[in-house]
Amino acid sequence: MSELKLEFEKPIRELQKKIDEMKRFSSENKLDVSEEISALEQKLENMTRDIYSNLTPWQRIQLARHPDRPYTLDYIERLFPGFIELSGDRRFSDDKAVVGGFAKFNGKPVMIIGTQKGREMKENLYRNFGWPGPEGYRKALRLMQLADKAGVPIITLIDTPGAFPGVASEERHISEAIAVNLRDMFKLQVPVIAVIIGEGGSGGAIGIGVGNRVLIMENAYYSVITPEGCAAILWKDRAYAPKAAEALKITADKLLELQIADEIIEEPFGGAQRDYDKAAENLCKVVQKHLEELEKMSREELAEQRYNKFRTIGRFIEEAEAENSQSGAEE
């Protein structure tokens, strides 16, 4: 179980510390305080359930960024045996913030591609803190086109705050790389399933997120901008990030309601960082279900369905009102 680290988990940490102290006191002094400990443990269980059952959007975003949350390689280790990593974009270099290659998923060949963060400073520098550059998106597209030729499904795992915004990234045309990915992913004629496992930041996420199905982990988020960025623009103060998180409607439940996400993948109670194996098991079941549905479609139907899915995201208020008025008149 992951150590509790987030601010809203502070009451749980403090009560757990008190329980541990009482157990230590009981052992050292040979005193029976089992009733008091049991009462505190029941209080801890109730408090934990209450906190995690009523998370605010900002608290869910904090969970999505939890440093102990499972990353792409953690899921690959558990769900994709025989993973053969393929490197390089064949133009400039190999972006370590994007990993991908052929593997098996429930006994069948797939192409697995995902963004990868690091946990320690050395690994974070190696992975560029999960911020892909142009070569990362070009590598991803190269692997997708390879999968398309081989006729195997593509599964992408998304966990990035966004595409790398540095000068070097702009010099190598990051916007063009993402735009080409969007265009060419619509042409793919194999099943494409995109799973947001943590952060789904702006073009950095959608650059590998054009799927026939878009799935999202329970405590992940998917947004055109981070809450901090939105707060800095609208209120000139990043302290308004919790308010921005509420307004942006970027959590899994809102994305499902807006028909941007197709299904929410349940996480272990308290977040995926609490139990990697259970989180992977839940992800596996949902991905397998959607993969089986997509495999029944022809190559042409897959491309058409993916295109139509993204074309219908977002509606003008006037259009919705007109449809409601027409529906009322017919009744």
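Counting restarts for each chain, with residues numbered from 1 along the sequence as it is written. Predicted model: local features are reported for residues with pLDDT of at least 70 only, side-chain atom pairs are reported and counted for 80 or more only, and whole-chain, interface and lining totals are derived from all residues. Water and hydrogen atoms were dropped before computing side-chain values, which therefore reflect all heavy atoms in the structure.

Quick look at the overall build of the chain now. Think of it this way: any DSSP run of H or I at least four residues long counts as a helix, any run of E at least two long counts as a strand, and we number them from the N terminus. Across its full length, the chain carries 15 helices and 8 strands. A radius of gyration in this sense is built from C-alpha atoms; the matching globule rule multiplies 2.2 Å by the number of residues raised to 0.38. Compactness check: the chain gives a C-alpha radius of gyration of 22 Å against a globular reference of 20 Å for 331 residues, within 12% of the reference. Dimensions along the principal axes, computed over C-alpha positions, put the chain at roughly 70 × 60 × 45 Å. The 331 residues of the chain split such that 49% are buried. Once local pairs closer than 6 in sequence are excluded, the contacts in the chain between residues at least 24 apart make up 73%. In the structure as shown, the chain presents an accessible area of about 16900 Å², 52% of it carried by carbon and sulfur atoms. Put simply, the chain has 46 plus and 55 minus side-chain charges, and the middle of one group is 4 Å from the middle of the other. Working definition: with a 1.4 Å probe on protein chains only, accessible area under 20% of the residue-type maximum means buried, over 50% means exposed, and in between means partly exposed. The contact rule is simple, with two residues in contact once any of their heavy atoms fall within 4.5 Å. Methods summary: accessible areas were calculated by the Shrake-Rupley approach with a probe of 1.4 Å, and residue burial reflects only the protein chains presented. A residue counts as positive if it is Lys or Arg and as negative if it is Asp or Glu; His and the chain ends are not included. Charged groups are reduced to one reference atom each: NZ for lysine, CZ for arginine, CG for aspartic acid, CD for glutamic acid.

On to helix α11 (residues 241-248), then. All of the buried residues in α11 are Ala 241, Ala 244 and Ala 245. Taken end-on, α11 shows its buried residues confined to a sector of 105°, consistent with a single buried face. The inward-facing, buried residues of α11 contact α3 (57-64) and α10 (227-234). Lys 249, located one to two residues past α11, shows a positive phi value of around 55°. Throughout, the arc means that of the directions going from the helix axis to the C-beta atoms.

The subject of this paragraph is the pattern of salt bridges. If charged atoms from side chains of opposite charge come close, those side chains can pair. Salt bridge, as applied in this entry: a Lys or Arg side-chain nitrogen positioned within 4 Å of an Asp or Glu carboxyl oxygen. The full count for this structure, using the stated rule, is 22 salt bridges. Across the pair Asp 277 and Arg 78 runs a salt bridge, and its minimum N-O distance is 2.8 Å. Remark: Arg 78 occurs in helix α4 (residues 72-79) and Asp 277 occurs in helix α13 (residues 276-294); sequence separation between them is 199 residues. You can call Asp 277 exposed: its relative accessible area is 51%. What makes Arg 78 partly exposed here is its relative accessible area of 33%. Where Lys 309 meets Asp 262, a salt bridge forms, and the shortest distance between an N and an O atom there is 2.9 Å. Within this pair, whereas Lys 309 is found in helix α14 (residues 299-311), its partner Asp 262 is found in the loop between α12 (252-257) and β8 (263-265), the two being separated by 47 residues in sequence. Within the structure, one salt-bridge network assembled from shared partners comprises Arg 65, Lys 117, Asp 159, Glu 199 and Glu 228.

All right, on to the packing of α4 against α13 then. Axis separation between α4 and α13 bottoms out at 10 Å; the angle between their running directions is 75°. The orientation of α4 with respect to α13, classified from their angle, is roughly perpendicular. Between α4 and α13, the residues in contact are Asp 74, Tyr 75, Arg 78 and Leu 79 and Tyr 276, Asp 277, Ala 279, Ala 280, Leu 283 and Cys 284, respectively. Looking at the contact of α4 with α13 residue by residue, the classes come out as 7 nonpolar, no polar and 3 charged. Here, axes are lines fitted to C-alpha atoms. For helices the fit covers the stretch in contact, and angles between N-to-C directions go from 0 to 180 degrees. Oblique is the label for every angle not falling under 35 degrees (roughly parallel), over 145 degrees (roughly antiparallel), or within 65 to 115 degrees (roughly perpendicular). Each residue is assigned to one of three groups, with Ala, Val, Leu, Ile, Met, Phe, Trp, Tyr, Cys and Pro labelled nonpolar, Asp, Glu, Lys and Arg labelled charged, and all others, Gly among them, labelled polar.

Another point: α3. Of all the 8 residues making up α3, 8 are buried; the element is thus mostly covered by neighbouring parts of the structure. Listing the buried residues of α3 in full gives Pro 57, Trp 58, Gln 59, Arg 60, Ile 61, Gln 62, Leu 63 and Ala 64.

Positive phi is not limited to glycine here, since Lys 30 has a value of about 50°. Among the secondary structure elements, Lys 30 is positioned in the loop between α1 (10-29) and α2 (34-53). Taking the relative accessible area as the measure of exposure, Lys 30 reaches 74% and is therefore exposed. Of note in the backbone geometry, Gln 259 takes a positive phi value of approximately 65° without being a glycine. Within the fold, Gln 259 resides in the loop between α12 and β8.

Further remarks concern the side chain of Asp 74. One can find Asp 74 in helix α4. At a separation of 2.8 Å, a polar atom in the side chain of Asp 74 contacts the main-chain amide nitrogen of Tyr 71. Asp 74 has contacts with Arg 69, Arg 119 and Tyr 276, leaving out every residue within four places of it along the chain. Throughout this description, a polar contact denotes any pair of N or O atoms lying within 3.5 Å of each other; where both atoms belong to protein, one of them has to be capable of donating a hydrogen while the other can accept it, and for residues adjacent in sequence the pair is counted only when both atoms sit in side chains.

On to the pairing of strand β5 (residues 192-201). Where burial is concerned, most of β5 is hidden: 10 out of the 10 residues are buried. Where strand β4 (residues 154-160) meets β5, 6 bridges bridge the pair, whose relative direction is parallel. Opposite Leu 157, over in β5, you have Val 195 as the bridge partner. Here a strand pair is declared whenever DSSP counts at least two bridges between the two strands. Note that β5 and strand β6 (residues 213-217) share 4 bridges and pair parallel. Within β6, the position partnered with Ile 193 by the bridge is Arg 213. Relative to strand β7 (residues 221-223), β5 runs parallel, the two sharing 3 bridges. When the bridges of β7 are listed, Gly 201 appears paired with Ser 223.

Definition used in this section: a nonpolar core is a set of buried Ala, Val, Leu, Ile, Met, Phe, Trp, Tyr and Cys residues joined via side-chain atoms within 4.5 Å. With 59 residues, the main nonpolar core has Tyr 75, Phe 80, Phe 105, Ile 154, Val 195 and Leu 283 as its most contacted residues. Among residues more than four places away in sequence, those in contact with Phe 105 are Leu 79, Phe 80, Val 110, Ile 155, Cys 284, Val 287, Gln 288 and Leu 291. Listed in part, the 14 residues of the second largest apolar core include Ile 12, Ile 51, Tyr 52 and Leu 63.

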